[in-house]
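# Report on the structure
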Amino acid sequence: MLKHRRKIIVATLCLCLCLGITPISALATQDPPRSSPAKIDFKFEKVDLDLFGQVNLLDKRFERDGLVYADEPTNAYLQRVGESLVPRDLKLEHVVWKFRALRDPVPNAFALPNGSIYVNTGVMSLCDNESQLAAILAHEITHVLRRHTYLQNRSNRKKILTINIINAVGVWNPVGGVAGLAVGIIAAVSPFILVSTIYGYSRDLEREADMKGVDLMMSAEYPPEEMVKILKLLNNDIEGEEIKLFYNDHPQLQDRIAYVSAHLGSKADKATAASELKREKSAYLTNIQGLMRHDIQLAINAGRFRTAVYLSQKLTEFRPESSENLFWLAESYRTLGPRAPQLTEKELTNSAKKDAAKKREKRTLEEEERDLLATEAGRQNWKTNQQKSEELYLRSLKVENPTPLDHRGLGMLYEKEGRTKDAIEEYQKYLELSPDASDRERIQRRIQLLKGLAS
Ligand SMILES: [Zn+2]
């Protein structure tokens, strides 16, 4: 049951980027036509200041609970890209721009109205270049510039909906992993923020964030068509998740792709030297490879094995001689177990996804593996994935500066295959090469256990 709840949270986390909330469409259309990217005539009222207090508290909680990815160079990079998109000489009351990565493998991003913008490691890893990251940031920056959170918070209808959300969230209790943790914290501090920042704003406000986001990108010399490309990447359903909608009638990613493309029109082809540079994949991956490896670990922990394979494949193509990259690809295939690395078209149909979601409610990942191993296809996948994984660990050990973690991976692989002697040997090599390993005790216990079995 808990598993089920977590899955729902994980699925709904995707919504901010994908969907808006339909009920209030009046907010955006009431505004007169404007030239400033920001809503400069916004006057703070008590209700807004109360919300401002709540979001400042949220920032502190995210940090305190270890959700913020703590790597200085990566955060400095993120901050640099974010700040380059914010219109210069624009001073907004109660806004300090802070761009941070959130340790969550689900592709999502959200903005708090105080200027704190959070991008999940899951979406940063999915982006193929800096311009795509800029597209996401530009969308979120617009929510802050146009004061969307405050505007939506002022709506009474919204508050009624919020009560329903509080009730729904009240029964959820995500356990394990990092995915969904942000939801729990936001729900505890400010259920309204949960609605607007995680589940999205009204359709009109989301559309405005896309359109104005395109303008911000162009002002900062980012090729705006990369926004369409990241929307397409987000639309690529690697995990075959059935997204549970709180409200029907949301604009789908396909809609966004269509209207952003139409909005771009002739704007799309004015590429400059600077914009070409920002489209470069290898420059981007150089900046975020550490974050990506961290995200792959988070994805595996969250049972998002196909995503882990997809991302580590991308890293290995980028630097095939990196032992670490090969290690992560090996880990991804090992943990993929009896699953196929890609879902078939049939598995991606709505009815198949619905069935899969129902099964996920009832089974743990271990039970799923056991059931799959009872089928011929599952056994075949398992065999292929284990072979691939072994090859990759061995290849990783042959390149320069091999990581001792390969031995641990091989140990786990052999242990599962029942190759007890080989498993013990690999575990021992791992401990020899990394005497300070944080999982030393755990591995020593495995060795003892295996020795018991062998004797
Ligand atoms: Zn949005």
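Located above this text is the structure these notes cover.
Read on for an overview of the structure. (Residues numbered from 1 in each chain as written. Predicted model: local features only at pLDDT ≥ 70, side-chain atom pairs only at ≥ 80, totals over all residues. Heavy atoms only, no water.)

## Focus on the pairing of strand β3 (residues 116–120)
A regular strand carries its side chains on alternate faces of the sheet. Counting buried positions over the 5 residues of β3 gives 5, a clear majority of the element. Pairing of strand β1 (residues 98–102) with β3 involves 5 bridges; the strand directions are parallel. Within the sheet, the bridge partner assigned to L102 lies in β3 and is N120. Hairpin connection from strand β2 (residues 109–111) to β3: 4 residues lie between these consecutive antiparallel strands, with G115 at a positive phi of about 100°. (Buried < 20%, exposed > 50% of the residue type's maximum accessible area, 1.4 Å probe, protein only. Helix = DSSP H or I, 4+ residues; strand = E, 2+ residues; numbered from the N terminus. Pairing = 2+ DSSP bridges.)

## Some thoughts on the pattern of salt bridges
Evaluated as defined, the whole model comprises 33 salt bridges. A salt bridge links R154 to E45, with the nearest nitrogen and oxygen atoms 4.0 Å apart. Within this pair, whereas R154 is found in helix α8 (residues 148–154), its partner E45 is found in the loop between α3 (26–30) and α4 (46–64), the two being separated by 109 residues in sequence. The network of salt bridges with shared partners includes E225, E226, K229, E276 and R279. (Salt bridge = Lys/Arg side-chain N within 4 Å of Asp/Glu carboxyl O.)

## Some remarks on the packing of aromatic side chains
Overall, the coordinates contain 10 aromatic pairs when judged by the stated rule. Ring geometry for F44 and Y150: centres 5.1 Å apart, planes at 75°, overall edge-to-face. Linking F44 in the loop between α3 and α4 with Y150 in helix α8, this pair joins segments that are 106 residues apart in sequence. Of the two residues, F44 and Y150, both sit in the buried class. In textbook terms, an aromatic cluster arises when at least three aromatic residues are bridged by ring pairs, as seen for F42, F44 and Y150. A cation over a ring is seen here: R207 above Y259, with NZ or CZ 4.2 Å from the ring centre. (Phe/Tyr/Trp six-rings, centres within 6.5 Å; stacked < 30°, edge-to-face > 60°. Lys NZ or Arg CZ within 6 Å of the ring centre and 35° of its normal.)

## Quick look at the coordination of the zinc ion
Summarising the metal site, the zinc ion is bound by the protein donors H139 (NE2), H143 (NE2) and E206 (OE), whose distances to it range over 2.1 to 2.2 Å. Along the chain, the residues donating to the zinc ion fall in the pattern H-x3-H-x62-E. A residue pair is termed a helical-turn pair when its members lie 3 or 4 positions apart in one helix, as H139 and H143 do in helix α7 (residues 130–145) at 4 residues. (Donors = N, O, S within 2.8 Å, 3.2 Å for Na, K, Ca; no water.)

## Thoughts on the sheet that holds β3
Taken in spatial order, the 3 strands line up as β1-β3-β2 in an open sheet, and their pairing is mixed. Both edges of this open sheet fall to β1 and β2, since each of them pairs with a single strand only. Direction aside, the axes of adjacent strands within the sheet are offset by 15° on average. For β2 and β3, the ladder comprises 3 bridges, and the chain directions are antiparallel. (Axes fitted to C-alpha atoms, helices over the stretch in contact; angles between N-to-C directions.)

## Quick notes on helix α18 (residues 323–336)
Helix length check: α18, at 14 residues, gives a terminal C-alpha distance of 20 Å against a target of 20 Å (1.5 Å per residue), a fit within 8%. Most of α18 sits out of view: 13 of its 14 residues are buried. Phi for G337, located one or two positions after α18, is positive at around 55°. (Expected span 1.5 Å × (residues − 1).)

## What about unusual backbone geometry?
A positive phi angle, close to 55°, is found at R147, a residue other than glycine. One can find R147 in the loop between α7 and α8. Look at E221: it is not a glycine, yet its phi comes out positive at around 60°. Position of E221 relative to the elements: it lies in the loop between α12 (203–219) and α13 (225–235). Classification of E221 as partly exposed rests on a relative accessible area of 38%.

Geometric values such as these leave the question of function open.
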